[in-house]
Amino acid sequence: MALNQSIYHSPVFQQACNQFDAAADILGMDAGLRERTKRPRRCVVVSMPVRMDDGRIEIFEGYRVQHNLSTGPAKGGIRFHHEVTLGEVAALAMWMSWKCSLAGLPYGGGKGGVIVDPRKLSKTELERLSRRYMQEILPFIGPNVDIPAPDVGTDAQVMAWMMDTYSNHKGFYDPGVITGKPISLGGSLGRKEATGEGVAWFVKAYLQDFGIKPEQTKVVIQGFGNVGSEAALALYDWGAEVIGISDYTGGIHNPKGIDLKAALDYVQKNKNLQGFPGGDALTNEQLMELPCTVLIPAALERVITEKNAAKLQCRILAEGANGPTTYEADQIIRQRGDIHIIPDVLCNSGGVIVSYFEWLQNLQNYYWTKGEVFDKLYRMLAKAKASVDETAKKYKCSHRTAALVLGIARVSEAKAQRGLFP
Ligand code: NAD
């Protein structure tokens, strides 16, 4: 069946498929295996009646896509966002497959999404929706089947409600069903920081490769949520200056450096950055085009497009978000030749790596120190970086394609060796 007839058909799913094909061409993958490796294995679409605080019943809709189950249980976050679509969740699930495979994790790939603006729900409404979503996907998940985690719009509290719903249904405490939980419920030390910390680790490693020192580094970050704020703090601690941050309300620019602690306190109190007095206000579009050493998109997909790719003024584009660069923008940036892209499947893999550590700790009931977590994390990131750098050189391709070649090869080999069913 042609891709444009697929139930997942959408610009972002097409973007993931175009990226896949570039890597599959290098691997010389035949047409049958190519389609089998590319297409999501299965998806569940659920509708969830939720009683609102005023007594009304509202119906929410959501998805869980399991892209690949051939190399282990599916693994991937749950997004709560008012514009989330099935095609988007499928693309995110596909990227999870390659990310887990590239990092050498014993997982497949999955992703979930609920169409809701969580900012518009009260805490009790959010709890009821989180529990109901878990109830609906419960037959399709489990510590050996599919292990969700947080993503945009969800956090440790949402994971706690979901884990509790699952455990109550099973009749015993089963924390290994979900990662990104609070520490008191089997969460791992370091998980909250892991994705941003990993993004910062790659940024520092590539800056060192290019001979750029911390004091010469100016950082701009789109999306000051979990990933963006943790990356900002880690790069600031290293000695870099963060000169631009933003969220869904717009951006803040301060060429002398933003007071990150003040910004975090402001967001904690006001829920967003709007009106933050520590710099000049600007739009997200203007923020992306600021002159800087490192630009970190850490919000949503498809923010670097053919419209702004030629206008970027950074040396490194570190993809904290999944899918921030369109396929067309990728070609423009490659032709420019002056920007190094650290691709999403490599750049933000610290999150799923520490989720893996959390799952391991839950299964073993044996918990590690933060030092142990970060020590193991850095070793895995270094290994992944070295293999991507080597593959890019070997095939004379972009680092994105190199990362995908490595990630896709393991999944397609597993599918070829197992046979048609997985
Ligand atoms: P989050 O909800 O904590 O933060 C998202 C941030 O983006 C918020 O500050 C929000 O205001 C901002 N934002 C939303 N829409 C925006 C817009 N249109 N323009 C500008 N900013 C906007 O989410 P997160 O967990 O930090 O995830 C961010 C990205 O990182 C996503 O692409 C996610 O898939 C990816 N990611 C997250 C993790 C993780 O562990 N949380 C792991 C890997 C990848």
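Residues numbered from 1 in each chain as written. Predicted model: local features only at pLDDT ≥ 70, side-chain atom pairs only at ≥ 80, totals over all residues. Heavy atoms only, no water.

1. Overview of the overall build of the protein chain
Next, step 1: The secondary structure content of the protein chain amounts to 14 helices and twelve strands.
Next, step 2: On C-alpha atoms alone, the protein chain measures out to a radius of gyration of 20 Å, which is about the 22 Å that the 2.2 N^0.38 rule sets for 422 residues.
Next, step 3: Sequence-distant contacts, at least 24 apart, represent 70% of the contacts inside the protein chain between residues at least 6 apart.
Next, step 4: Averaged over its 48 positive side-chain charges, the protein chain has a centre that lies 4 Å from the centre of its 45 negative ones. (Helix = DSSP H or I, 4+ residues; strand = E, 2+ residues; numbered from the N terminus. Rg over C-alpha atoms; globule rule 2.2 N^0.38 Å. Contact = heavy atoms within 4.5 Å. Lys, Arg positive; Asp, Glu negative; His and termini not counted. Charge placed at Lys NZ, Arg CZ, Asp CG, Glu CD.)

2. Quick look at the site of the ligand
Next, step 1: Not every one of the 22 residues close to the ligand is listed here, only the nearest: Asp-151, Thr-195, Val-227, Ala-299 and Asn-322.
Next, step 2: Separating an oxygen atom of the ligand from a side-chain N or O atom of Arg-79 is a distance of 3.1 Å.
Next, step 3: Arg-191 has a polar side-chain atom sitting 3.1 Å from an oxygen atom of the ligand.
Next, step 4: Contact with the protein chains covers 83% of the free accessible surface of the ligand, which is 830 Å².
Next, step 5: Mapped by element, the contributors of at least two residues to the shell around the ligand are helix H6 (191-209) and helix H7 (226-238).
Next, step 6: Residues from two domains meet in the shell around the ligand; each of domain 1 (40-178) and domain 2 (192-347) gives at least three. (Near = heavy atom within 4 Å. Polar contact = N/O pair within 3.5 Å; in protein donor to acceptor, adjacent residues only side chain to side chain. Areas by Shrake-Rupley, 256 points an atom, 1.4 Å probe, with all protein chains shown as cover. Domains from an automatic or database assignment.)

3. Examining the pairing of strand E2 (residues 57-68)
Next, step 1: Pairing of strand E1 (residues 42-51) with E2 involves ten bridges; the strand directions are antiparallel. Directly across from Ser-47, in E2, lies its bridge partner Glu-61.
Next, step 2: Between E1 and the antiparallel strand that follows it, E2, lie five residues; Gly-55 among them carries a positive phi value of about 95°.
Next, step 3: Inspection of the sheet shows E2 paired to strand E4 (residues 109-115) by six bridges, in the antiparallel sense. Within E4, the residue paired with Gln-66 across the bridge is Gly-110. (Pairing = 2+ DSSP bridges.)

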